[in-house]
Amino acid sequence: MQRILILLATLGSAAMMLGALGFQYIGEMPPCKMCYWQRYPHLAAIGIGILAFLLPGVGRTTFLYLGALAALTTGGIGIYHSGVERGYWEGPTTCTSGPIDNLTPEQLMEQIMGAPLVRCDEVPWELFTLSMASWNAIISFVLAGLWIAAARSKP
């Protein structure tokens with residue numbers, strides 16, 4: 001059962017990465033800075049999953065908890081990103097925009113010219129009122145549960 005859970009968790013992160021790449025290249029939705037941040041832990045989880053799948057039972061548990069940590073990390077980043085998209089809190093200044101009410105035309109032009117191509121505080125796609133970042137958080141927490149269940153199960 002443990003190997004099945006490892007496989008499901010690893011394939012879950014792989015599916016998330018394939019989905020992200022599909023949106024990027026097929027859907028022509030380039031990722032923002034925080035979207036990239038959410039991808040790195042999925043890549044780590046894939047590598048961890050491959051190692052955990054190949055390791056013998058006793059040495060595997062540490063990797064399983066590292067896989068859970070990777071999934072929880074990307075889930076946490078997804079929550080942060082969702083909050084930025086919804087305006088609950090400010091995101092990094094390198095990928096969000098502030099109010100422009102009191103800017104001079106020169107300051108506004110400077111802000112426009114220095115702005116990133118893809119903003120983190122806009123929702124480019126949503127399903128059932130949840131953005132990609134929100135879906136990443138939800139699915140990542142489910143994947144973390146799979147990692148933890150694998151760690152607690154017998155090899």
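Everything numeric in this text was worked out from a predicted model, so none of it was measured.

> Even after reading the chapter, I still don't get the overall build of the chain, so can you show me in this structure?
For the chain, the count of helices and strands is five helices and two strands. In the chain, the succession of helices and strands from N to C terminus is α-α-α-α-β-β-α. For the chain, the spread of C-alpha atoms along the three principal axes comes to 65 × 30 × 25 Å. Among the 155 residues that make up the chain, the fraction classed as buried is 35%.

> What exactly am I supposed to notice about helix H5 (residues 132-152) here?
Two residues of an α-helix separated by three or four positions point the same way, owing to the 3.6 residues in each turn. Taking 1.5 Å per residue, 21 residues should reach 30 Å; H5 reaches 30 Å between its end C-alpha atoms and fits that length. Here H5 has its buried residues at Ala133, Ser134, Asn136, Ala137, Ser140, Leu143, Ala144, Trp147, Ala150 and Ala151.

> Is there a simple way to explain the layout of surface pockets in this structure?
Rolling a probe over the atoms, with the probe sized like a water molecule, indicates the empty space that remains. Here the largest pocket is characterised by a volume of approximately 580 Å³. Around the largest pocket, the lining comprises 27 residues; the ones closest to its centre are Ala20, Phe23, Cys35, Met132 and Ala133. Residue assignment for the lining of the largest pocket shows that the elements contributing at least two residues are helix H1 (2-26), helix H2 (33-54), helix H3 (57-86) and H5. In terms of residue class, the lining of the largest pocket is made up of 18 nonpolar, five polar and four charged.

> Explain the packing of aromatic side chains here, please?
For any pair of aromatic rings, geometry is given as the distance between the ring centres together with the angle between the planes. In the structure shown here, the tally under the stated rule is three aromatic pairs. When the ring centre of phenylalanine 53 is taken as origin, the NZ or CZ atom of arginine 3, which lies over that ring, is 4.0 Å away.

> Is there a simple way to think about the state of the cysteines in this case?
Two cysteines form a disulfide when their sulfur atoms are joined by a covalent bond. In the structure shown here, the tally under the stated rule is zero disulfides. No disulfide involves cysteine 35; its sulfur sits 3.3 Å from the nearest other cysteine sulfur, which is in cysteine 32. On the basis of relative accessibility, which here comes to 25%, the residue cysteine 35 falls in the partly exposed class.

> How do you make sense of the nonpolar core when you look at a structure like this?
Soluble, globular proteins show a tendency: their nonpolar side chains are buried together. Counting 16 residues, the largest nonpolar core has Ile6, Leu64, Ala71, Trp147 and Ala150 as the members making the most contacts within it. It is H5 that provides the largest number of residues to this core, a total of five residues. Look past the residues within four positions of isoleucine 6 in its chain and what remains in contact with it is Gly49, Ala52, Phe53, Arg60, Leu64 and Ala150. Counting residues in hydrophobic clusters, the runner-up holds five residues, among them Cys32, Met34, Val84 and Cys95.

> Any chance you could explain the packing of H2 against H5 here in plain terms?
The contact between H2 and H5 brings their axes to 12 Å, and the two run at 25°. Put simply, H2 runs roughly parallel to H5. Taken as a pair, H2 and H5 cross one another with a handedness that is left-handed. Residues Gln38, His42, Ala45, Ile48 and Gly49 of H2 pack against Ala133, Asn136, Ser140, Leu143 and Trp147 of H5.

> What is the right way to read the environment of threonine 93 from this model?
Positionally, threonine 93 belongs in the loop between H3 and helix H4 (105-114). With relative accessibility at 70%, the residue threonine 93 sits in the exposed group. Taking C-alpha positions, threonine 93 is 42 Å from glycine 59, a pair spaced 34 residues apart along the chain.

> Please clarify how the side chain of glutamine 2 should be interpreted in this entry.
Relative to the helices and strands, glutamine 2 resides in helix H1. A polar atom in the side chain of glutamine 2 sits 3.5 Å from the backbone oxygen of serine 153. Setting aside residues up to four positions removed in sequence, glutamine 2 forms contacts with Arg60, Leu64, Ala150, Ala151, Ser153, Lys154 and Pro155.

Calculation criteria
Residues numbered from 1 in each chain as written. Predicted model: local features only at pLDDT ≥ 70, side-chain atom pairs only at ≥ 80, totals over all residues. Heavy atoms only, no water. Helix = DSSP H or I, 4+ residues; strand = E, 2+ residues; numbered from the N terminus. Buried < 20%, exposed > 50% of the residue type's maximum accessible area, 1.4 Å probe, protein only. Expected span 1.5 Å × (residues − 1). 1 Å grid on protein atoms, 1.4 Å probe; cavity = no way out; pocket = protein on both sides within 12 Å on 5 of 7 lines; lining within 4 Å. Points joined across faces, edges and corners; volume = space filled by probe spheres on them. Nonpolar A, V, L, I, M, F, W, Y, C, P; charged D, E, K, R; others polar. Phe/Tyr/Trp six-rings, centres within 6.5 Å; stacked < 30°, edge-to-face > 60°. Lys NZ or Arg CZ within 6 Å of the ring centre and 35° of its normal. Disulfide = S-S within 2.5 Å. Core = buried A, V, L, I, M, F, W, Y, C linked by side-chain atoms within 4.5 Å. Contact = heavy atoms within 4.5 Å. Axes fitted to C-alpha atoms, helices over the stretch in contact; angles between N-to-C directions. Parallel < 35°, antiparallel > 145°, perpendicular 65-115°, else oblique. Left-handed = near helix turned anticlockwise from the far one by under 90°. Polar contact = N/O pair within 3.5 Å; in protein donor to acceptor, adjacent residues only side chain to side chain.

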